[in-house]
Amino acid sequence: MMPDLSLQNFLSWAAQVSVIALAGAVLPAIFRIHHPRSHLAWCHALLLACIVLPLIQPWLHPVISGPTASRSELADTANVTDGTPSGQAPIPWSRIVAWILLAGIVARLSWFLGGLRQIRRYRNAATPLRYLPEPVRWARKLTNRDAFFYISAGNIGPVTFGWFRPIILLPESFLTLKPDAQCAIVCHELLHVKRKDWLITVIEELIGAGLWFHPAVWWLLSQTKLAREQIVDSEVIRLTAAPDPYIDVLLEMAGALPDRAPVPAPLLLYRSHLIRRLRSLLIDCPISTLRLRWSYASMAAVVAVSGCLAFTSFPLMGQPQIQGTVVPVTVSSHDTSPQASSPAPILAGSGSIEGVFRVGGAVTAPKLITRFEPEYSDAAREALTQGTVVVQAVVQPDGTMSVARILRSLNPELDQNALRAMSQWRFEPGTFRGKAVPVEIDVEVSFKLRRDPSDTMKRSEGA
């Protein structure tokens, strides 16, 4: 069973991810950054940030104050927060969403495991390439890496998989290519082995399975695949010093082979990425290290600001916090018992105590509209009693104030006068996400003596 408020938190987190991913997608185009290696690191950083967002941001915790802190009151607070009337049975949307998410994760993991089984079938049906052609041996020397080479009977490939014993599947058409094209293809696959891209691809597939529901995650994973292939493309051109045969083989395979994107392994060709890869090979846009660092530092600052705005606009709600016990006591205008002067909790009025919020985050503070000054009793004036009464109160959604407790007592009679005046105050209530809610505030009521100048003059004359 999902915890309280988790559906709202899920939607808030999804909105936060959308904001950060959108900023991360637009900024490289604004700063005109075309650098695959740094772009791959940028996409991985954005993906990691989206995953750890719930861990790096402050959570809002509604405050419960009441005679007892029971589970029913926590549920009432949840209803006040999510807008479900307390008199109606809430629809178990959290459970429905949980089952949908779980079903999607199971489906994506099944798809992933099916892809691994498909690769294994390709491997079992393939023929080992025991006598390596000269271009293959030259590619091994250029990359300083080795692998097991197989010719796929189903014309599948090129594709690389395996970590401890990497395997490269080559299509049958590979043997009919020109030597320089063969060398370029094998260099491409061996560079994936060198970079350990198969393990990274598996991790990305697992992340995609867990976050299958979010388009921003799809975009980030697609960008990582594209940037990784662009990095390998540029390295192949650097090693072979022959861009034309490599570009020709990309175009040839684009027309002869279907897109094998469902296979969970680094591929030579993704049709959806072909145009951008060719453009990156044909148009070389060098960029200075200083400009690159400055651009990414600026982009990171913008993303951080966007994340803070997303945290404020779509906050995550934690479990309600329990405030101290409140003892309901009706304040009477004639009550001068010692109980009124003690710092024990006092509540004006009657009725059940609802969930109480504290100012901060998405909770706005109440605004005083009407104020009545308390009376200064003759006895307190003669005793030269002055000071401040500090009261902890709750501003209700209708704008009235109910006293929770006296935090600092001054005088039993002055305390009652302060409470009597405060019972007539009216507020513009505090809000949480646009809805009026009970908000806790601390109120100070000051009593100060004012001396009469004429009285002071008479005393001085008499002296």
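Refer to the structure printed above.
Quick look at the structure, then. Being a predicted model, the structure only gives us computed values, none of them experimental. (Residues numbered from 1 in each chain as written. Predicted model: local features only at pLDDT ≥ 70, side-chain atom pairs only at ≥ 80, totals over all residues. Heavy atoms only, no water.)

## Observations regarding the overall build of the protein
Argument step 1. Looking only at helices and strands, the protein has 15 helices and 14 strands in total.
Argument step 2. Classification of the 463 residues of the protein by burial places 43% in the buried group.
Argument step 3. In the protein, 76% of the contacts between residues at least 6 apart in sequence involve partners at least 24 apart.
Argument step 4. Per element, the accessible surface of the protein, about 24900 Å² overall, is 60% carbon and sulfur. (Helix = DSSP H or I, 4+ residues; strand = E, 2+ residues; numbered from the N terminus. Buried < 20%, exposed > 50% of the residue type's maximum accessible area, 1.4 Å probe, protein only. Contact = heavy atoms within 4.5 Å. Areas by Shrake-Rupley, 256 points an atom, 1.4 Å probe, with all protein chains shown as cover.)

## Here we look at the pairing of strand 3 (residues 148-152)
Argument step 1. Within strand 3, 4 of the 5 residues are buried, which leaves it mostly tucked inside the rest of the structure.
Argument step 2. In this sheet, strand 3 lies alongside strand 2 (residues 127-128) in antiparallel orientation, the contact comprising 2 bridges. The partner of proline 128 across the bridge, within strand 3, is tyrosine 150.
Argument step 3. Pairing geometry for strand 3 and strand 5 (residues 167-171), over 5 bridges, is parallel. Bridge pairing in strand 5 places phenylalanine 148 opposite isoleucine 167. (Pairing = 2+ DSSP bridges.)

## Some points on the state of the cysteines
Argument step 1. This structure, assessed with the given rule, holds 0 disulfides.
Argument step 2. The cysteine cysteine 187 is free of any disulfide, with cysteine 183 supplying the nearest cysteine sulfur at 4.1 Å.
Argument step 3. Residue cysteine 187 is classed as buried on the basis of its relative accessible area of 0%. (Disulfide = S-S within 2.5 Å.)

## A short note on the environment of serine 6
Argument step 1. Note that serine 6 resides in helix 1 (residues 6-31).
Argument step 2. Since its relative accessible area comes to 12%, serine 6 is described here as buried.
Argument step 3. Here the alpha-carbon distance between serine 6 and glycine 318, two residues 312 residues apart in the chain, equals 8.8 Å.

## Considering the environment of alanine 23
Argument step 1. Tracing the backbone shows alanine 23 in helix 1.
Argument step 2. By relative accessible area, which is 14% here, alanine 23 ends up buried.
Argument step 3. Not counting chain neighbours up to four residues away, the residues in contact with alanine 23 comprise Val303 and Ser306.

## Observations regarding the packing of helix 6 (residues 179-195) against helix 8 (residues 215-240)
For any two helices packed against each other, one specifies the crossing angle of their axes together with the interaxial distance.
Argument step 1. Interhelical geometry of helix 6 versus helix 8 gives an angle of 125° and a closest axis separation of 9 Å. Between helix 6 and helix 8, the angle is such that the two are oblique. Here helix 6 and helix 8 pass one another in a crossing that is right-handed. In contact with Cys183, Ala184, Cys187, His188, Leu191, His192 and Arg195 of helix 6, helix 8 contributes Arg228, Glu229, Ile231, Val232, Asp233, Glu235, Val236, Leu239 and Thr240. (Axes fitted to C-alpha atoms, helices over the stretch in contact; angles between N-to-C directions. Parallel < 35°, antiparallel > 145°, perpendicular 65-115°, else oblique. Left-handed = near helix turned anticlockwise from the far one by under 90°.)

## Quick look at the pattern of salt bridges
Pairing is possible between side chains that carry opposite charge, provided their charged atoms lie close to one another.
Argument step 1. Inspection of every chain in the model, using the stated rule, returns 10 salt bridges.
Argument step 2. The closest approach of N and O atoms between arginine 137 and glutamate 134, which form a salt bridge, is 2.5 Å. Here arginine 137 and its partner glutamate 134 are both found in helix 5 (residues 134-143), 3 residues apart, which amounts to about one turn of the helix. (Salt bridge = Lys/Arg side-chain N within 4 Å of Asp/Glu carboxyl O.)

## Remarks on the sheet that holds strand 5
Argument step 1. Judged by pairing direction, the sheet is mixed, and its 4 strands sit side by side in the order 2-3-5-4 without closing on themselves. Edge strands, defined here as strands with exactly one partner in the open sheet, are strand 2 and strand 4 (159-161).
Argument step 2. Judged from the 3 bridges that link them, strand 4 and strand 5 form a sheet pairing that is antiparallel. When the sheet's bridge partners are listed, threonine 160 is paired in strand 5 with isoleucine 168.
Argument step 3. Seen against the sheet, helix 4 (residues 93-125) touches strand 2, strand 3, strand 4 and strand 5 and runs at an angle of roughly 70° to strand 5.

## Topic: the packing of helix 5 against helix 6
Argument step 1. Two elements in contact, helix 5 and helix 6, have axes separated by 8 Å at closest approach and are oriented at 40°. Looking at the two axes, helix 5 sits oblique to helix 6. When the axes of helix 5 and helix 6 are compared, the crossing they make is right-handed. In contact with Pro135, Val136, Trp138, Ala139, Arg140, Leu142 and Thr143 of helix 5, helix 6 contributes Pro179, Gln182, Cys183, Val186, Cys187, Leu190, Leu191 and Lys194.
Argument step 2. Classifying every residue of the contact of helix 5 with helix 6 gives 11 nonpolar, 2 polar and 2 charged. (Nonpolar A, V, L, I, M, F, W, Y, C, P; charged D, E, K, R; others polar.)

## As for a nonpolar patch on the surface
Argument step 1. Taken together, the side chains of Leu22, Val26 and Ile30 define a hydrophobic patch exposed on the protein surface, amounting to about 290 Å² of accessible area.
Argument step 2. When you line up the elements, leucine 22 lands in helix 1.
Argument step 3. A residue is classified by how much of its surface remains accessible, and leucine 22, at 56% relative accessible area, is exposed. (Patch = residues over 30% accessible without salt bridge, like charges linked within 9 Å, V, L, I, M, F, W, Y side chains within 5 Å.)

## As for the packing of aromatic side chains
Argument step 1. In total, this model carries 8 aromatic pairs according to the counting rule given.
Argument step 2. Taken together, the aromatic side chains of Phe10, Trp13, Trp212 and Phe213 make up a single cluster linked through ring pairs.
Argument step 3. Lying over the aromatic face of phenylalanine 148, arginine 165 brings its terminal NZ or CZ to 4.6 Å of the ring centre. (Phe/Tyr/Trp six-rings, centres within 6.5 Å; stacked < 30°, edge-to-face > 60°. Lys NZ or Arg CZ within 6 Å of the ring centre and 35° of its normal.)

## Let's talk about the pairing of strand 9 (residues 387-395)
Argument step 1. With 8 of its 9 residues buried, strand 9 lies for the most part within the structure.
Argument step 2. By the bridge criterion, 9 bridges tie strand 9 to strand 14 (residues 439-447) in an arrangement that is antiparallel. Looking at strand 14, one finds that valine 389 is bridged to valine 445.

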